[in-house]
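Close look at the chain arrangement
Now for the letters of each chain:
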Amino acid sequence: MSHLDSAAGTALVVIAHHRTDSLTAHTARRTVAQLESAGYVVDLLDLHAEGFDPRMNVADQPDWGNREKPYSDEVRAHMQRILDADVVVAVFPVYWQSVPALLKGWIDRVWNYGFAYGRSKPRLAGKRMLWLGLAGATADDPIVEGMQAVLETNLSEGIAYYCGFSHSSVALLPDAEERPQRIDAEGNLLVGDAVAGAEREAQYTEFDRRTGKAVEGFLAAEPVAA
């Protein structure tokens, strides 16, 4: 797959969730459709469905300090999928103000020293990254502001820019739970009533709208090719 296949380029959409009926999976599928409508050729990487093992192993780090070290065949295949993409989009539920172990392990194993970082000329330079994080917190929960800041620091500064990406954006999508949830000042979990029927449909519609707007804004921020 190459950028010549599409006027817009190629996109690797990475989904990190264990259920195909989750809102995360739904959001990933809609994002794929939106990217395709924008002219992208999309490679959908469902880490759980493909059986990706997030645990680092000796085969992927036989000699950590050697930038030219061999990697396992599995990881080399994933590296190629990143190299083939102009845009990488990760879709995931926010766990503990971070990414799930499945996605973190993919980054640990695949974005390895010598490939994603550790070179004077980054191999991933010029690529663009969008992080779509689904959060159970309600939009008016004060924790959302801090969560956004933490994710931007960890994901954009600590990973994407560190690896030479030209642009990285974090879109935090709150209100992902069926029952509204928030923590009070004493640390008690307050769970609201579940929504259903037309109200639930309206919630999904609004969630999809916000997701689409985030993707649209990310694409609009892409640098214009010379």
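Residues numbered from 1 in each chain as written. Predicted model: local features only at pLDDT ≥ 70, side-chain atom pairs only at ≥ 80, totals over all residues. Heavy atoms only, no water.

Considering the sheet that holds strand 4 (residues 128–134)
We count it as follows: Strand pairing is assigned whenever DSSP identifies at least 2 bridges connecting the two strands. Strands are runs of DSSP state E lasting at least 2 residues, helices are runs of H or I lasting at least 4, and numbering of each runs from the N terminus. An axis is simply a line fitted to the C-alpha atoms; with a helix, the fit covers only the stretch in contact. Between two such axes, the angle follows the N-to-C directions and lies from 0 to 180 degrees. In this analysis, two residues are considered to be in contact whenever any of their non-hydrogen atoms come within 4.5 Å of each other.
Here we have five strands laid out as an open sheet, ordered 2-1-3-4-5, and parallel in their pairing. What marks the edges here is a single partner per strand, and that holds for strand 2 (40–46) and strand 5 (167–173). The sheet shows a mean angle of 15° between the axes of neighbouring strands, direction not considered. Here strand 1 (residues 9–15) runs beside strand 3 (residues 87–93); their pairing, made up of five bridges, is parallel. The partner of valine 13 across the bridge, within strand 3, is valine 89. Each of strand 1 and strand 2 is contacted by helix 2 (residues 73–83), which is oriented at about 150° to strand 2, the strand it contacts most.

Examining helix 1 (residues 23–37)
Threshold: For a helix, the expected span equals 1.5 Å multiplied by the number of residues minus one. Each residue is placed in one exposure class: buried if its accessible area under a 1.4 Å probe, protein chains only, is under 20% of its type's maximum, exposed if it is over 50%, and partly exposed if it falls in between.
In this model, helix 1 (15 residues) spans 21 Å end to end at C-alpha, consistent with the 21 Å of a helix rising 1.5 Å per residue. Residues Leu23, Thr24, Ala25, Thr27, Ala28, Thr31, Val32 and Leu35 constitute the buried set of helix 1. Each element contacted by the buried residues of helix 1 is listed here: strand 1, strand 2, strand 3, strand 4 and helix 5 (197–220). Phi turns positive, to about 100°, at glycine 39, one or two residues after helix 1.

Describing the packing of aromatic side chains
Aromatic ring pairs are defined here through the distance separating the ring centres and the angle between the ring planes. Condition: Two aromatic rings, drawn from Phe, Tyr or Trp (for Trp, its six-membered ring), form a pair once their centres lie within 6.5 Å of each other, and the interplanar angle then sorts them: stacked below 30 degrees, edge-to-face above 60, tilted otherwise.
According to the stated counting rule, one finds four aromatic pairs in the structure shown. Note on tryptophan 106 and tryptophan 111: the rings are 5.9 Å apart at their centroids and 70° apart in plane angle, and the pair reads as edge-to-face. Ring centres 5.6 Å apart and planes at 45° place the aromatic pair tyrosine 117 and tyrosine 162 in the tilted group. Of the two residues, tyrosine 117 sits in the loop between helix 3 (101–110) and strand 4 while tyrosine 162 sits in the loop between helix 4 (143–160) and strand 5, which places them 45 residues apart along the sequence. Residue class for tyrosine 117 comes out partly exposed when judged on its relative accessible area of 22%. On the basis of relative accessible area, tyrosine 162 is assigned to the exposed category, the value being 56%. Each member of the aromatic cluster is reached from another via a ring pair, and the members are Trp106, Trp111 and Phe165.

Description of the pairing of strand 2
The cut-off we apply is this: Here a crossover is taken to be right-handed if, once the strands point away from the viewer, the path from the first strand over the helix to the second is traced clockwise.
Burial runs high along strand 2: five of the seven residues are buried. Pairing between strand 1 and strand 2: seven bridges, direction parallel. Residue pairing across strands places valine 14 opposite leucine 45, the latter belonging to strand 2. Where the polypeptide runs from strand 1 across helix 1 and back to strand 2, its parallel neighbour, the crossover connection is right-handed.

Observations regarding the pattern of salt bridges
Applicable threshold: Counted as salt bridges are all cases of a side-chain nitrogen of Lys or Arg within 4 Å of a carboxyl oxygen of Asp or Glu.
All chains considered together, the criterion is met by eleven salt bridges. Here glutamate 50 makes a salt bridge to arginine 81, at a shortest N to O gap of 3.0 Å. Of this pair, glutamate 50 sits in the loop between strand 2 and helix 2 while arginine 81 sits in helix 2; the two residues are 31 residues apart in sequence, bridging distant segments of the chain. Judged by relative accessible area, glutamate 50 falls into the partly exposed class, the value being 42%. Residue aspartate 60 is joined to arginine 109 by a salt bridge in which the shortest nitrogen-to-oxygen separation is 2.8 Å.

So, to be careful, I would describe these as geometric facts and stop short of saying anything about function.
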